[in-house]
Structures are given as structure tokens and as C-alpha cells.
Amino acid sequence: MNPETRVYVAGHRGLVGSAIWRRLQAEGVTQLIGASSKELDLRDRDATFAFLAEHRPDVVIDAAARVGGILANRDHPTEFLSDNLRIQVNLMDAALEVRTPRLLFLGSSCIYPKYAEQPIRESSLLAGELEPTNDAYAIAKIAGIMQVQAVRRQYGLRWISAMPTNLYGPNDNFDPTSSHVLPALIRRFHEAKVNAAEEVVLWGSGTPRREFLHVDDLAAACLHLLAHYDAPEPVNVGVGDDVTIRALAELVARVVGYTGALSNDLSKPDGTPRKLLDVSRLTALGWKPSIGLEEGVAATYAWYQEHVS
Ligand SMILES: NC(=O)C1=CN([C@@H]2O[C@H](COP(=O)(O)OP(=O)(O)OC[C@H]3O[C@@H](n4cnc5c(N)ncnc54)[C@H](OP(=O)(O)O)[C@@H]3O)[C@@H](O)[C@H]2O)C=CC1
Ligand SMILES: C[C@H]1O[C@H](OP(=O)(O)OP(=O)(O)OC[C@H]2O[C@@H](n3cnc4c(=O)[nH]c(N)nc43)[C@H](O)[C@@H]2O)[C@@H](O)[C@@H](O)C1=O
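Residues numbered from 1 in each chain as written. Chains lettered and ligands numbered in written order. Predicted model: local features only at pLDDT ≥ 70, side-chain atom pairs only at ≥ 80, totals over all residues. Heavy atoms only, no water.

Taking an unreviewed UniProt entry as the reference, the chain is identified by name as GDP-L-fucose synthase belonging to Kribbella hippodromi. Turning to the chain, the UniProt annotation filed under Catalytic activity (unreviewed entry) states: "GDP-beta-L-fucose + NADP(+) = GDP-4-dehydro-alpha-D-rhamnose + NADPH + H(+)". (UniProt positions renumbered as here; feature names shortened; annotations may be inferred.)

Colleague: Would you explain the site of ligand 1 in this entry?
Modeller: In the neighbourhood of ligand 1, 26 residues make up the surrounding shell, with V16, S37, D41, Y137 and K141 lying closest. G11 places a polar main-chain atom, nitrogen or oxygen, 3.4 Å from an oxygen atom of ligand 1. Protein burial of ligand 1: of its 900 Å² of free accessible surface, 86% is covered by the chains. If you list the elements that add at least two residues to the shell around ligand 1, you get α1 (15–26), α5 (135–155) and β6 (166–168). (Near = heavy atom within 4 Å. Polar contact = N/O pair within 3.5 Å; in protein donor to acceptor, adjacent residues only side chain to side chain. Areas by Shrake-Rupley, 256 points an atom, 1.4 Å probe, with all protein chains shown as cover. Helix = DSSP H or I, 4+ residues; strand = E, 2+ residues; numbered from the N terminus.)

Colleague: Hey, could you run me through the UniProt feature "domain: NAD-dependent epimerase/dehydratase" (unreviewed entry) in the chain in this one?
Modeller: Sequence positions flagged by UniProt for "domain: NAD-dependent epimerase/dehydratase" (unreviewed entry) are, in local numbering, residues 7–238. For residues 7–238, helix accounts for 43% and strand for 17%, while the C-alpha atoms at its two ends are 24 Å apart.

Colleague: How should I be thinking about the side chain of H214 in this particular structure?
Modeller: Mapped onto the fold, H214 is located in strand β9 (residues 212–214). Taking the relative accessible area as the measure of exposure, H214 reaches 4% and is therefore buried. From its side chain, H214 meets the backbone nitrogen of D216 in a polar contact 2.9 Å long. Beyond its immediate stretch of four places on either side in the chain, H214 contacts Y168, G169, P170, I291, G296 and T300. (Buried < 20%, exposed > 50% of the residue type's maximum accessible area, 1.4 Å probe, protein only. Contact = heavy atoms within 4.5 Å.)

Colleague: Just to check I follow, could you spell out helix α8 (residues 245–256) for this structure?
Modeller: What sets the pattern is the α-helix's 3.6 residues per turn: residues three or four places apart point alike. A rise of 1.5 Å per residue sets the reference length of α8, with its 12 residues, at 16 Å; its end C-alpha atoms lie 16 Å apart and thus fit the reference within 8%. Of all the positions in α8, only I245, L248, A249, L251, V252, A253 and V256 are classed as buried. (Expected span 1.5 Å × (residues − 1).)

Colleague: Sorry, what's going on with the UniProt feature "active site" (unreviewed entry) in the chain here?
Modeller: Sequence positions flagged by UniProt for "active site" (unreviewed entry) are, in local numbering, Y137. Mapped onto the elements of the fold, Y137 is located in helix α5. Judged by its relative accessible area of 10%, Y137 falls in the buried class.

Colleague: What is the right way to look at the site of ligand 2 in this model?
Modeller: Taken together, 21 residues are adjacent to ligand 2, and G68, N73, R188, P269 and D270 come closest. Contact distances for ligand 2 include 2.7 Å between an oxygen atom and a backbone N or O atom of I70. Alone, ligand 2 offers 700 Å² of accessible surface; in the complex the protein occludes 97% of this. Residue assignment for the shell around ligand 2 shows that the elements contributing at least two residues are α3 (70–75) and α6 (181–194). Broken down by element, the residue count for the shell around ligand 2 peaks at 3 residues, all from α6. Here the residues of the shell around ligand 2 are counted per class, giving 9 nonpolar, 8 polar and 4 charged. (Nonpolar A, V, L, I, M, F, W, Y, C, P; charged D, E, K, R; others polar.)

Written out as C-alpha cells, the structure is:
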């Protein structure tokens, strides 16, 4: 990207937005634009229009959203639907108003049907029923993909969408109830080690399979797409490989140094049985991830120890 390109990273303090911000800085982009949700609540339509009119970015990256793990999604569908629709509609309407030439919308692998054929191709979108624990969030994200496609068709702007798999890394949410599985397990195993607990409890059966991508790899993929991709279809972003939640837990325990027992809380939901993305579209564009799961978990645990625990 040209160093003078004006890039607005919406959600630049979050897991994804902060990684994209670091990557843009590392690539020498100097005209970075960001605002916290306190400074600019993207649910506020007038404020969002005023912000875009003032800053007139060349590129908008939408990493702002209400985000959470399986329980947060299951228990707060109203907010996951309403907040995410408002955030993305206001942001994209305001970007359209100032004719932002390039925009990247971030969705999620949960947009695909619960029982989609594995690995999941982009063409599986809307081919079956959604997973009920995150259907409200998924519908908001599907609407975002459609808005990108509508703007491309009607106004000819070069907007695109990316669908990342489950992510982890620095600046993740490590809250025990609202977080995703990987940060939740880092925290739970760390606390169990410190307190010499005999057992750590996993939510659900441990049999669901998930794919995990380090957020620094995601950031690199996003900038690669902005440089090399210009079509209406979303692009999956993943590693092309998955693990069971039980195997993930064993890996995290090993990295953290916890040697006690593991048990399962079957009252908690499993969610989608498997969610492995087909990444051939991204691979064909010349990008692949570089951070292995064990290496990424070790780096994230080091970050957790320094910044959170
Ligand atoms: N985490 C994951 O595993 C995955 C994430 N994604 C997608 O990546 C994107 C970013 O997610 P992630 O970084 O994990 O989430 P985070 O919760 O870490 O960050 C979300 C960001 O959005 C901002 N935000 C939330 N609400 C508002 C609002 N009303 N107005 C302005 N800003 C707001 C927050 O700002 P502030 O900090 O200032 O409050 C925060 O910086 C989302 O679209 C998500 O769907 C996709 C797949 C997997
Ligand atoms: C990114 C993605 O994230 C969510 O979907 P999910 O993939 O189901 O995410 P999750 O990380 O919360 O759980 C993965 C699996 O792990 C199990 N699990 C075990 N123990 C813990 C645990 O302690 N915490 C959590 N959260 N899960 C646990 C859990 O029971 C499940 O089987 C949606 O928000 C969706 O909208 C979305 O986009």
C-alpha cells in the first residue's frame, strides 16, 4: 500500500483491528485513522457520517463489531443482530456517501450452514440452515456481504469481503464467559496451574472441530486481499486444517504447563460440529499463513502473561 494512503481501521483497538493497524504501520503506511467506540459509536448514524466526511479515507477496513464466543452469541442474539447491523450499515452508508474507493468488510465462518460440506467453500453461503447459537450474528454478517455486493453492482466501488475462521492472538478477550475458546482455555489453564487445581473443565463434549488462525496472519491476508482481490464473492481466510476442542485443550495445557485432569461440562453447547474453511480461493491469490498453532498459542500465552494475568 502507498505510504500516503489514508486508511480508516474501524475497531482498531480490538483483536483484529489492532493487528491490521500494526501490520499497516510495519508496511510504512502513515495516514492511519482510528477512533475508539467511546470517541465514535458506529451505531450513531449522524456521528458516523460526520466522521467519514471529515476524514475521507481512501480505504476503510471494517473490524468493528460486537463479538463474542458461543455463550455470548447464544445469550445475546438481540444485541449481536442489532448492533452489528447498525455498525456495518452506518459505516458502509457513510463510506458510500463520500465514495470511499476501497472497503474491506470482515464477516466470519459462522455465516455458513451448520452442516455445510467440509471444507466449506464460499459457494456454501445460504445453502442450508444456520447454527442456532450464532444465527443472529450470522444473519447480520450475511447482510454485510450483500451490502458490499450491492454497492459494487450499483455504484462500481471496489469493495470486498473476507470471511475469517476462528482467530486468536494479542488483544483478544480473555473473559471467562464471553470469550472464544482459545483465550478462555489459556486463562483457565493458567489459573489452574497457578492455583494447583486438580481439574480443568471444558465446555461441551470436546468433539467439535475448529480451525484457528493467528490474527497477525489474518492481518497479512487482509492487506494481501486489498492489494490483489477485486470481486463480489467473499474470500475465506483460514489455515486449511482443524483440531478437536479436546486436542486444542491438550495443546494449550502443554504450552501453559498444566498437568492436571480435564473434564467436560455437557450442559454447555457444542455449536457447529465442524467449521473448516476451504481456502483455495485465497491460496490461488498467492497467500498462505505462516504461524503454526503451537507457536501462535505460545506467543499468545506470553502476551497474556505480560498484559492480562
Ligand atoms: N475473534 C474471532 O475469532 C473472529 C472475528 N471475526 C471478525 O473480525 C471482526 C473484529 O473482531 P474482533 O477483533 O475479534 O473483535 P473485538 O471485540 O476484539 O474488537 C471489536 C472492535 O469493535 C469496536 N466496536 C464495537 N462496537 C462498536 C461501536 N458501537 N462503535 C465503534 N466501534 C465499536 C471495538 O471498539 P472499542 O475497543 O473502542 O470499544 C473493538 O475495537 C468482527 O467483524 C468479527 O466478526 C471473524 C471471525 C473470527
Ligand atoms: C468465531 C466464532 O465464534 C463462535 O462460535 P464457535 O466457533 O462455536 O466459538 P467458541 O470459540 O466460543 O467455541 C468453540 C467450541 O469450543 C467449546 N469450548 C470449550 N470450552 C470453552 C470455553 O471455555 N469457552 C468457549 N467460548 N468455548 C469453549 C465450545 O463449546 C465450542 O464447541 C461464535 O461466536 C461465532 O459467531 C463465531 O464467529
